[in-house]
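Listed below are the residues making up each chain.
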Amino acid sequence: MPEADSTDTKQFHEEVPQRREAFFLKGSTAYDWGMQHRLARIFRPEDGRTVMLAIDHGYFQGPTSGLERIDLDVVPLIPHADALMVTRGVLRSVVPPAMQQGIVVRASGGPSILKELSNEEIAIDIDDAARLGAAGMAVQVFIGGEFETQSVHNMTRLVDAGLRSGIPVLGVTAVGRELVRDARYLGLATRIIAELGAQVVKTYFCDEGFERVVAGCPVPIIMAGGKKLPELEALTMARRAIDAGAAGVDMGRNIFQSDAPIAMIQAVSAVVHDGASSADALDLYETLRAG
Ligand code: R5P
């Protein structure tokens with residue numbers, strides 16, 4: 001039997017109201033604790049930003065250049081990322097479970113690159129996302145695409161399931177070849193995705209008006225990387241997106257298809273988290289690459 005606890009010496013600080021800090025992420029204050037906790041594994045609480053490394057390309061295009069051997073070529077990048085966007089197949093087969101970064105698991109799929117890409121369905125059960133310890137679920141939304149409604153419905157069902165389990169949904173603006181990636185289109189797509197419940201939105205950068213796209217979206221926007229660009233162009237795009245209010249980046253090919261992927265992810269991180277200019281980030285890239 002433990003000794004009785006003295007009541008006279010306890011400090012309740014009755015005069016101090018209980019602290020309740022607002023959650024750090026845009027639009028996320030009203031979420032349940034588990035969802036906020038998962039979001040805090042994707043975005044760094046100190047600056048509200050993320051460097052998410054996207055390696056999920058194989059779900060529709062097979063062994064993408066740079067991802068042929070994820071165990072050899074990508075696992076060494078993970079310590080430099082804040083979060084990893086990945087399929088459950090690769091996660092279970094080659095990603096070390098001791099990693100601490102948030103996992104955003106690919107949650108939609110179906111058609112290969114040989115077919116109509118917008119014809120996706122939900123590709124994971126919420127129980128499996130929870131079993132994997134996922135911090136988020138990623139779903140493509142094809143606004144203006146052939147299977148637009150179906151892809152929106154995939155997202156809303158994942159949002160419902162995610163709310164039951166405290167797992168946020170990352171809605172990805174999936175732009176078909178025929179659609180123009182301008183601020184008007186991206187503003188439409190990102191707003192629809194957020195209005196229908198996604199807690200985070202991933203979208204492409206546009207040269208004109210990206211700050212209006214970000215401002216018009218009530219939840220955090222992270223910038224998609226897209227096809228491989230020269231390093232300075234990719235770093236400049238990231239710098240401009242962050243300056244326009246993006247809460248980070250989700251980049252794949254611009255990192256793992258770089259000549260020096262470990263150097264590149266650190267340069268991207270310097271832009272996102274350390275305020276580096278694209279020129280300084282390129283210097284860092286060159287220095288790390290040479291070393
Ligand atoms: C697009 O959103 C898909 O999920 C891709 O597989 C991937 O995330 C794209 O990354 P990136 O365009 O930066 O290579």
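Note: the structure precedes this text.
What you see is a predicted model, and the numbers here were worked out from it, not measured in a lab.

## Quick word on the sheet that holds strand β3 (residues 102-106)
The strand order around the closed barrel built from 8 strands is β1-β2-β3-β6-β7-β8-β9-β10, with neighbouring strands paired in parallel fashion. The average angle at which neighbouring strand axes cross in this sheet is 25°, direction not considered. Examined bridge by bridge, strand β1 (residues 50-54) and strand β10 (residues 248-251) share 4 bridges and lie parallel to one another. Following the sheet pairing, T50 is matched in β10 by G248. The sheet contacts of helix α11 (residues 261-274) involve β1 and β10, and relative to β1 the element is tilted by about 150°.

## Looking at the packing of aromatic side chains
Given two aromatic rings, one states the distance between the centres and the angle between the planes to describe the pair. Across all of its chains, the model carries 3 aromatic pairs by this definition. Note on Y59 and F60: the rings are 5.0 Å apart at their centroids and 70° apart in plane angle, and the pair reads as edge-to-face. Assessed through its relative accessible area of 21%, F60 is described here as partly exposed. In this structure, R181 is placed above the aromatic ring of Y204, and the distance from its NZ or CZ to the ring centre is 3.9 Å.

## Concerning the site of the ligand
Taken together, 15 residues form the shell around the ligand, and within it D56, H57, R106, G252 and R253 come nearest. Residue K202 places a side-chain N or O atom 2.8 Å away from an oxygen atom belonging to the ligand. In the environment of the ligand, an oxygen atom lies 2.9 Å from a nitrogen or oxygen atom belonging to the backbone of G226. Taking 370 Å² as the accessible area of the ligand by itself, protein coverage stands at 96%. Here the residues of the shell around the ligand are counted per class, giving 5 nonpolar, 5 polar and 5 charged.

## Overview of the environment of P218
Residue placement: P218 occurs in the loop between α8 (210-215) and β9 (221-224). Among the residues examined, P218 registers a relative accessible area of 41% and is labelled partly exposed. P218 sits 183 residues away from M35 along the chain, and the two C-alpha atoms are 17 Å apart. When residues no more than four places from it in sequence are discounted, the contact partners of P218 are K26, G27, R191 and A194.

## Observations regarding unusual backbone geometry
One non-glycine residue with positive phi stands out, namely H13, at about 45°. Within the secondary structure, H13 sits in the segment before α1 (33-42).

## Let's talk about the environment of V139
Structurally, V139 is set in strand β6 (residues 136-141). Not counting residues within four places of it along the chain, the set of residues in contact with V139 comprises R106, S108, N154, M155, L158, V169, L170, G171 and V172.

## Here's the deal with the nonpolar core
Counting residues in hydrophobic clusters, the biggest one holds 98 residues, and the most contacted among them are L53, I55, L84, M137, L170, F210 and V268. For this core, the element with the most residues is α11, which contributes 8 residues. Discounting chain neighbours no more than four positions away, the residues touching V268 are V51, L235, V249, M251 and I255.

## Some points on helix α9 (residues 231-243)
For α9, built from 13 residues, the straight-helix expectation of 18 Å at 1.5 Å per residue is met to within 8% by its first-to-last C-alpha distance of 18 Å. Listing the buried residues of α9 in full gives E231, A234, L235, M237, A238, R239, A241 and I242. Downstream of α9 by one or two residues, G245 has phi in the positive range, about 110°.

## What about α11?
Under the 1.5 Å per step criterion, the end-to-end length of α11 is 19 Å for 14 residues, consistent within 8% with the ideal 20 Å. Counting buried residues along α11, 10 of its 14 residues qualify, which places the element largely inside the surrounding structure. Looking only at α11, the buried set comprises A263, M264, I265, A267, V268, S269, A270, V271, V272 and H273. Those residues of α11 that are buried lie in contact with β1, α9, β10, α10 (253-256) and α12 (278-290). Positive backbone phi, approximately 70°, marks G275, located one or two places after α11.

Cut-offs used in this document
- Residues numbered from 1 in each chain as written.
- Predicted model: local features only at pLDDT ≥ 70, side-chain atom pairs only at ≥ 80, totals over all residues.
- Heavy atoms only, no water.
- Pairing = 2+ DSSP bridges.
- Helix = DSSP H or I, 4+ residues; strand = E, 2+ residues; numbered from the N terminus.
- Axes fitted to C-alpha atoms, helices over the stretch in contact; angles between N-to-C directions.
- Contact = heavy atoms within 4.5 Å.
- Phe/Tyr/Trp six-rings, centres within 6.5 Å; stacked < 30°, edge-to-face > 60°.
- Buried < 20%, exposed > 50% of the residue type's maximum accessible area, 1.4 Å probe, protein only.
- Lys NZ or Arg CZ within 6 Å of the ring centre and 35° of its normal.
- Near = heavy atom within 4 Å.
- Polar contact = N/O pair within 3.5 Å; in protein donor to acceptor, adjacent residues only side chain to side chain.
- Areas by Shrake-Rupley, 256 points an atom, 1.4 Å probe, with all protein chains shown as cover.
- Nonpolar A, V, L, I, M, F, W, Y, C, P; charged D, E, K, R; others polar.
- Core = buried A, V, L, I, M, F, W, Y, C linked by side-chain atoms within 4.5 Å.
- Expected span 1.5 Å × (residues − 1).

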